[in-house]
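# Structural description and commentary
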Amino acid sequence: MLVCGVGLLLAFALAPAVFPNPSFRVAMGDLTPLLAIAAAVIVCARNAFDSRGHTRLFWSLMTAGMAMWCFNQAYWVWFEVLVRKPVPDPYWGDVVLFLHLVPIMAAVAIRPHQADEREGMLHSALNVLILLVWWVAVYAFFVFPDEYIVTNTALYSPRWDLLYVVEGVILIAVSASAFFTSSGSWRELYRNIFFASVFYTFVSEVMNAAFLRGVYKTGGIYDLPYLASGLGFLWVAIAGRRCLRDTEMTPSIPRSGRPVAPLLAKLALLSLPLMGYWALFLSHDQPYLRQVRFAVAMGGVALLAFVIFLQQQLLDQRLLQLLKHSHQSFDNLQRLQGRVIQQAKLASLGELVALAASELEFPLSAILNSSERMAASSNLSREQLSNAQKIGQQARRTRELVSDLLSFAQQTPGEKSPLELKPLLQRAVQMEGFKLDKKRISLTVESNGNAPLPRVLGNPNQLLQAFVQIVENAVDALQEIGGGRLQVSLWREGKEVIVQFADSGPGLRDPERVFDPFYTTKPVGKGTGLGLSATYGVIQDHKGQITCYNRPEGGAAFEIRLPALKIAAPLAETARALKSTAATFEI
């Protein structure tokens, strides 16, 4: 590429000596830079098409800047080569030429190597729009009135040249800043843009000075560095294409200092009111021109204020989303912390109650046996017999409590095997239904006809005990309000099998404490507060999760999630398993 560029420059320099025809010199001076710039446009466009995210926005802006430059050069070809007329002065293409550096400046200012793709590109696009509006307002303020309203070539040409140099210097500063804050392929790309910008700004200033002195001729010595500057930006596009994959794969690095594009946007908004003040009170132009400049400044303020308002709205929405996400993360962290604390309490209490229960088992057996022998004796009075029966009743109640304690404190997991949950749920429903005398119980099973449920790896006795405990608590809650409905549902969700117990009872008073040991809302003698704690331990031992909550329509719901086995059940057995099972109690 370097050899081809040097060869083209040598051919361009020697061509006027070989072909002294003035028409050929003008055509060569206009068409050769046009071809170089057009090639840069094509390569930049391909880079934009083959990239994504902020990298695509970067190359799209580079394409826009090069296309505006190409458009201006094409009009020079139109006037000097095709129509064979000198370019008019003032020339409206100067506006396009003046603004073609703005997209390139914006492309570097958005810092694609530091951009977070999750934030989207709308914010960066608004920053680009702010820069474009500001430069248009600056051109319309300083150059346009003397160029087209009251034409004054001696005044607007130096201003145009000065603003163009300022624009190039800002592009050089932005590209240098991007170079020092980047690494890898992006650093190489910003370096190429920096050198191309420095050379192009210097060449443009030399050519503008030649225009003012009237010594510039198309195809002359001044067009040689101009062609070299076009080849410089072509090299930027080609080198960027070579490292396009590396720039896309480069991870975002933390932003050092303030972002450049928002800073430029703030400076732009603050500068326009100062320009309006100068036009209204300090300018010595005609009153009409002062009014035009003031109107331009205020119009720019209005447009920039509107764009910044949109930016602020986007930032507010983003902030609300982040706050909502942080609240959700905090709630999830609290739930996770609660589960960790729950498991720690279960582990510590398990050791304590296991020791206490084993120590109470022997004396309770002795008391119960003695009370039964006393109650069977015929030598006791009625009062003594009543006392013996009360002692036996309380001993049996205490023994049941000890049994619950031992069940709660069981540390050794039971033997597990592949099993179906539907038969266990049906058995749990039947066991609790048999205890309800003079109550109407109806069991309905619904099937949606989909594939059968997978099995789970578990201990049938432990899971049955857990299901019975939940059903028993739900039925007790329904009896308190005189009746209701309990629905047991079973379905598959991803890699889990879910069991849900939903009732229409009074709901849970404190859902966060339901699984705490010894927590119960039942009257004295009705419950020990260990049943759901033991159920929690069983589900945890089966690598599952159990949660509870109050339903919006009323009542409580317990949800159990158990991991499904990857190995399918035999066809003869899985044909009887259903995707969804509903068991309904009417009390």
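Residues numbered from 1 in each chain as written. Predicted model: local features only at pLDDT ≥ 70, side-chain atom pairs only at ≥ 80, totals over all residues. Heavy atoms only, no water.

## Notes on the overall build of the protein chain
The secondary structure content of the protein chain amounts to 18 helices and seven strands. Sorting the 587 residues of the protein chain into buried and exposed places 43% on the buried side. As displayed, the protein chain offers around 31600 Å² of accessible surface, 62% of which is attributable to carbon and sulfur atoms. (Helix = DSSP H or I, 4+ residues; strand = E, 2+ residues; numbered from the N terminus. Buried < 20%, exposed > 50% of the residue type's maximum accessible area, 1.4 Å probe, protein only. Areas by Shrake-Rupley, 256 points an atom, 1.4 Å probe, with all protein chains shown as cover.)

## Focus on helix α9 (residues 184–213)
Taking 1.5 Å of rise per residue, 30 residues should cover 44 Å, and α9 covers 44 Å from first to last C-alpha, within 8% of that figure. Positioned one or two residues after α9, G214 has a phi angle of 75°, which is positive. (Expected span 1.5 Å × (residues − 1).)

## Some thoughts on the packing of helix α3 (residues 53–83) against helix α10 (residues 223–242)
Interaxial distance between α3 and α10 falls to 12 Å at its minimum, and their mutual angle equals 155°. When the interaxial angle is binned, α3 and α10 end up roughly antiparallel. Considering only the axes of α3 and α10, their crossing is left-handed. Residues W59, M62, M66, W69 and Q73 of α3 pack against Y226, S229, G230, F233, V236, A237 and G240 of α10. (Axes fitted to C-alpha atoms, helices over the stretch in contact; angles between N-to-C directions. Parallel < 35°, antiparallel > 145°, perpendicular 65-115°, else oblique. Left-handed = near helix turned anticlockwise from the far one by under 90°. Contact = heavy atoms within 4.5 Å.)

## Here's the deal with a nonpolar patch on the surface
Together, F71, W92, F144, Y148, I149 and Y288 line one region of the surface with nonpolar side chains, adding up to about 570 Å² of accessible area. In terms of residue count, the dominant contributor to the nonpolar patch is helix α7 (residues 144–149) (three residues). (Patch = residues over 30% accessible without salt bridge, like charges linked within 9 Å, V, L, I, M, F, W, Y side chains within 5 Å. Salt bridge = Lys/Arg side-chain N within 4 Å of Asp/Glu carboxyl O.)

## So, unusual backbone geometry
Unusually for a residue other than glycine, R84 sits at a positive phi of about 60°. Within the secondary structure layout, R84 lies in the loop between α3 and α4 (93–99). Non-glycine residue K543 carries a positive phi angle of around 60°. Examined against the element boundaries, K543 turns out to sit in the loop between α17 (531–541) and β5 (545–550). Using a relative accessible area of 70% as the deciding quantity, one classes K543 as exposed.

## A look at the pattern of salt bridges
Scanning all chains against the criterion turns up six salt bridges. Here E496 ties to R561 by a salt bridge, and the two come within 2.9 Å at their closest N and O atoms. Residue E496 is located in strand β4 (residues 496–503), and its partner R561 is located in strand β6 (residues 556–563); the two are separated by 65 residues in the primary sequence. Of the residues examined, E496 reaches a relative accessible area of 28% and is grouped as partly exposed. A salt bridge links R561 to E559; the shortest N-O distance between them is 3.2 Å. One continuous salt-bridge network, built from bridges that share partners, spans E493, E496, E559 and R561.

## Section: the packing of aromatic side chains
A full pass over the atoms with the stated rule returns 25 aromatic pairs. Each ring, one from W69 and one from F233, has its centre 5.9 Å from the other, and the planes form 85°; the classification is edge-to-face. Taken as a pair, W69 in helix α3 and F233 in helix α10 lie far apart in primary sequence, 164 residues in all. We note that W69, like F233, is buried. Measuring from ring centre to ring centre gives 5.0 Å for Y277 and F281, while their planes differ by 45°; the resulting arrangement is tilted. Within this pair, Y277 and its partner F281 are both found in helix α12 (residues 260–282), separated by four residues, close to a single helical turn. The class of Y277 is partly exposed, set by a relative accessible area of 48%. Judged by relative accessible area, which is 55%, F281 ranks as exposed. An aromatic cluster is built from W69, F98, W134, W135, Y139, W160, Y164, Y200, Y226 and F233, whose rings are joined through pairwise contacts. Directly above the aromatic system of F179 lies the positively charged group of R187, at a separation of 4.1 Å from the ring centroid. (Phe/Tyr/Trp six-rings, centres within 6.5 Å; stacked < 30°, edge-to-face > 60°. Lys NZ or Arg CZ within 6 Å of the ring centre and 35° of its normal.)

## Topic: the pairing of β4
In terms of residue burial, β4 counts as a mostly covered element, since seven of its eight residues are buried. Connecting strand β3 (residues 485–493) to the antiparallel partner β4 that follows it, the hairpin turn spans two residues, and G494 within it adopts a positive phi of roughly 65°. Two elements, β4 and β6, share seven bridges in a ladder whose sense is antiparallel. Directly across from V499, in β6, lies its bridge partner I560. (Pairing = 2+ DSSP bridges.)

## What to know about the environment of N459
Among the structural elements, N459 can be located in the loop between β2 (456–458) and α16 (460–480). Taking the relative accessible area as the measure of exposure, N459 reaches 9% and is therefore buried. For the pair N459 and V538, spaced 79 residues apart in sequence, the C-alpha to C-alpha distance is 9.2 Å. From its side chain, N459 meets the backbone nitrogen of Q462 in a polar contact 3.0 Å long. (Polar contact = N/O pair within 3.5 Å; in protein donor to acceptor, adjacent residues only side chain to side chain.)

## Notes on the packing of α9 against α10
Here α9 crosses α10 at 165°, and the two axes come no closer than 9 Å. On the basis of the axis angle, α9 is roughly antiparallel to α10. As for how α9 packs across α10, the hand of that crossing is left-handed. Taken together, the residues of α10 that come into contact with α9 (itself represented by L189, N192, I193, A196, S197, F199, Y200, V203 and M207) are D223, P225, Y226, A228, S229, G232, F233, W235, V236, A239 and G240. Grouping the constituent residues of the contact of α9 with α10 by class yields 14 nonpolar, five polar and one charged. (Nonpolar A, V, L, I, M, F, W, Y, C, P; charged D, E, K, R; others polar.)

## Structural notes on the pairing of β5
Two strands pair when backbone bridges link them, and β5 and β6 are joined in this way by six bridges, in the antiparallel orientation. Bridge pairing in β6 links C548 to F558. Linking β5 back to β6 in an antiparallel pair, the connection comprises five residues, with G554 at a positive phi of about 110°.

## As for the nonpolar core
One finds F58, W59, M62, M66, W69, F98 and Y200 to be the most contacted residues of the largest nonpolar core, which totals 84 residues. With 12 residues, α3 is the largest single contributor of residues to this core. Residues contacting M62, with those up to four places away along its chain left out, are C44, I104, A107, I193 and V236. V456, V471, L490 and I546 belong to the second largest nonpolar core, which has 37 residues in total. (Core = buried A, V, L, I, M, F, W, Y, C linked by side-chain atoms within 4.5 Å.)

## Structural notes on the side chain of S229
Secondary-structure assignment places S229 in helix α10. S229 sits in the buried class, given a relative accessible area of 1%. Among residues more than four places away in sequence, those in contact with S229 are W69, F199 and Y200.

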